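Each chain, letter by letter, is given below.
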Amino acid sequence: MSSDHYFSASPASADERRTISVELNGRARKIQTAAGIFSPSGLDKGTEVLLKYVPTPRGRILDIGCGWGPITITAAEQSPESRVYGVDVNERSIELARLNAQNLGLDNVVVGRPESVDPELEFDTIWSNPPIRIGKDALHELLLQWLPRLAPGGEAWMVVQKNLGSDSLQKWLVAQLPGDWNVTREATAKAFRVLKVSRPAR
Ligand SMILES: C[S@@+](CC[C@H](N)C(=O)[O-])C[C@H]1O[C@@H](n2cnc3c(N)ncnc32)[C@H](O)[C@@H]1O
């Protein structure tokens with residue numbers, strides 16, 4: 001495999017910016033992308049499925065692996081009184097997600113590396129199209145880093161391609177998370193499943 005994955009910290013490819021048109025929250029947008037990040041040509045199909053099924057987010061919101069920002073932007077627009085934290089390890093994605101949120105006039109978005117988020121912060125809503133391609137162990141570590149930070153009554157919504165292990169991931173989540181948390185399959189569309197993790201309210 002080339003060292004320039006979409007999840008490389010510093011992509012080796014030239015950072016040539018391009019403007020694409022995508023529909024987010026039912027409106028056409030001009031978005032900046034570049035090579036070396038995830039889905040630079042448009043809205044990923046999995047992300048599209050996730051955004052179709054999630055309810056309006058609330059409270060403190062986290063997008064794990066924000067890429068150029070489609071999930072972060074959608075959440076920030078749908079819930080203007082919330083603060084949305086978009087995290088990524090790919091520096092180019094971080095820059096672009098920041099820029100795209102700024103160009104859309106969103107001032108409730110904070111984008112950065114995972115370690116830039118206050119470790120004490122809990123989240124009422126987590127939305128993610130997680131980086132399955134980093135490998136099972138790394139993915140599990142990532143999910144165990146963030147999902148336990150759901151606040152009481154919080155919900156995490158994730159989209160996973162069926163043939164990339166959505167059903168086994170669901171079973172693994174049930175086994176890993178506390179017994180009173182729920183892991184449900186909320187939708188199956190195209191080649192994807194949308195999973196929801198709910199932490200009971202106190
Ligand atoms: C499937 S892509 C989704 C990107 C974007 N949310 C979208 O929907 O287009 C997953 C993202 O996770 C990022 N990523 C990989 N490892 C990560 C990690 N350990 N922590 C945070 N983000 C990570 C990748 O760089 C990539 O941008």
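Residues numbered from 1 in each chain as written. Predicted model: local features only at pLDDT ≥ 70, side-chain atom pairs only at ≥ 80, totals over all residues. Heavy atoms only, no water.

The name recorded for the chain in an unreviewed UniProt entry is 16S rRNA G1207 methylase RsmC, from Glutamicibacter protophormiae.

A. Quick peek at the sheet that holds strand β6 (residues 123-128). Judged by pairing direction, the sheet is mixed, and its seven strands sit side by side in the order β5-β4-β3-β6-β7-β9-β8 without closing on themselves. The sheet terminates laterally at β5 (109-112) and β8 (182-189), the two strands that pair on one side only. Averaged over all pairs of adjacent strands, the angle between strand axes in this sheet comes to 15 degrees, irrespective of strand direction. Two elements, β6 and strand β7 (residues 150-161), share five bridges in a ladder whose sense is parallel. Bridge pairing in β7 links F123 to L150. (Pairing = 2+ DSSP bridges. Helix = DSSP H or I, 4+ residues; strand = E, 2+ residues; numbered from the N terminus. Axes fitted to C-alpha atoms, helices over the stretch in contact; angles between N-to-C directions.)

B. Expanded view of the site of the ligand. Looking at the ligand, there are 19 residues lining it, with Y6, T47, G65, D88 and N129 nearest. Note that an oxygen atom of the ligand is positioned 3.3 Å from one of the backbone N or O atoms of Y6. Measuring from a nitrogen atom of the ligand, one finds a backbone N or O atom of G65 at 2.7 Å. Within the shell around the ligand, the residues separate by chemical class into 13 nonpolar, five polar and one charged. (Near = heavy atom within 4 Å. Polar contact = N/O pair within 3.5 Å; in protein donor to acceptor, adjacent residues only side chain to side chain. Nonpolar A, V, L, I, M, F, W, Y, C, P; charged D, E, K, R; others polar.)

C. Here's a closer look at helix α5 (residues 166-176). The complete set of buried residues in α5 reads S166, L169, Q170, W172 and L173. In a view along the axis of α5, the buried residues occupy a sector of 165 degrees, so they form one face of it. Turned more than 90 degrees away from the buried face of α5 sit K171 and A175, all of them exposed. On its buried face, α5 is in contact with α4 (136-146), β7, β8 and β9 (192-198). (Buried < 20%, exposed > 50% of the residue type's maximum accessible area, 1.4 Å probe, protein only. Arc of directions from axis to C-beta. Contact = heavy atoms within 4.5 Å.)

D. Up close: the packing of α4 against α5. In the contact formed by α4 and α5, the axes pass within 12 Å of each other and the chain directions differ by 45 degrees. Considering the angle they form, α4 stands oblique to α5. With respect to the hand of their crossing, α4 and α5 are arranged in right-handed fashion. Every residue of α5 that contacts α4 at L139, H140, L143 and L144 is listed here: L169, W172, L173 and Q176. (Parallel < 35°, antiparallel > 145°, perpendicular 65-115°, else oblique. Left-handed = near helix turned anticlockwise from the far one by under 90°.)

E. Spotlight on the confidence of the model for the chain. Within the chain, residue pLDDT values average 96, and 98% of them lie at 70 or more. Here α5 stands out as the least confident element of the chain, with mean pLDDT 96; strand β3 (residues 60-64) is the most confident, with 99. (pLDDT = per-residue confidence, 0-100.)

F. Representation of the UniProt feature "domain: Methyltransferase small" (unreviewed entry) in the chain in the model. Here, UniProt's "domain: Methyltransferase small" (unreviewed entry) annotation points to residues 30-173. Within residues 30-173, the helical portion is 35% and the strand portion 25%, while the C-alpha atoms at the span's ends are 36 Å from each other. (UniProt positions renumbered as here; feature names shortened; annotations may be inferred.)

G. Representation of helix α1 (residues 45-53) in the model. Residues of α1 that are buried include every one of G46, T47, V49, L50 and L51, and no others. Contacts made by the buried residues of α1 are with β1 (18-24), α2 (70-78), β6, β7, β8 and β9. Looking at where α1 begins, the residue whose side-chain oxygen comes 3.0 Å from the main-chain nitrogen of G46 is D44.

H. Fine view of the nonpolar core. With 32 residues, the main nonpolar core has L24, I31, L50, W68, V109, W127 and V194 as its most contacted residues. Of all the secondary-structure elements, those providing two or more residues to this core are β1, α1, α2, α3 (91-103), β5, β7, β8 and β9. Membership of the second largest hydrophobic core comes to 26 residues, among which are Y85, V87, L139 and M158. (Core = buried A, V, L, I, M, F, W, Y, C linked by side-chain atoms within 4.5 Å.)

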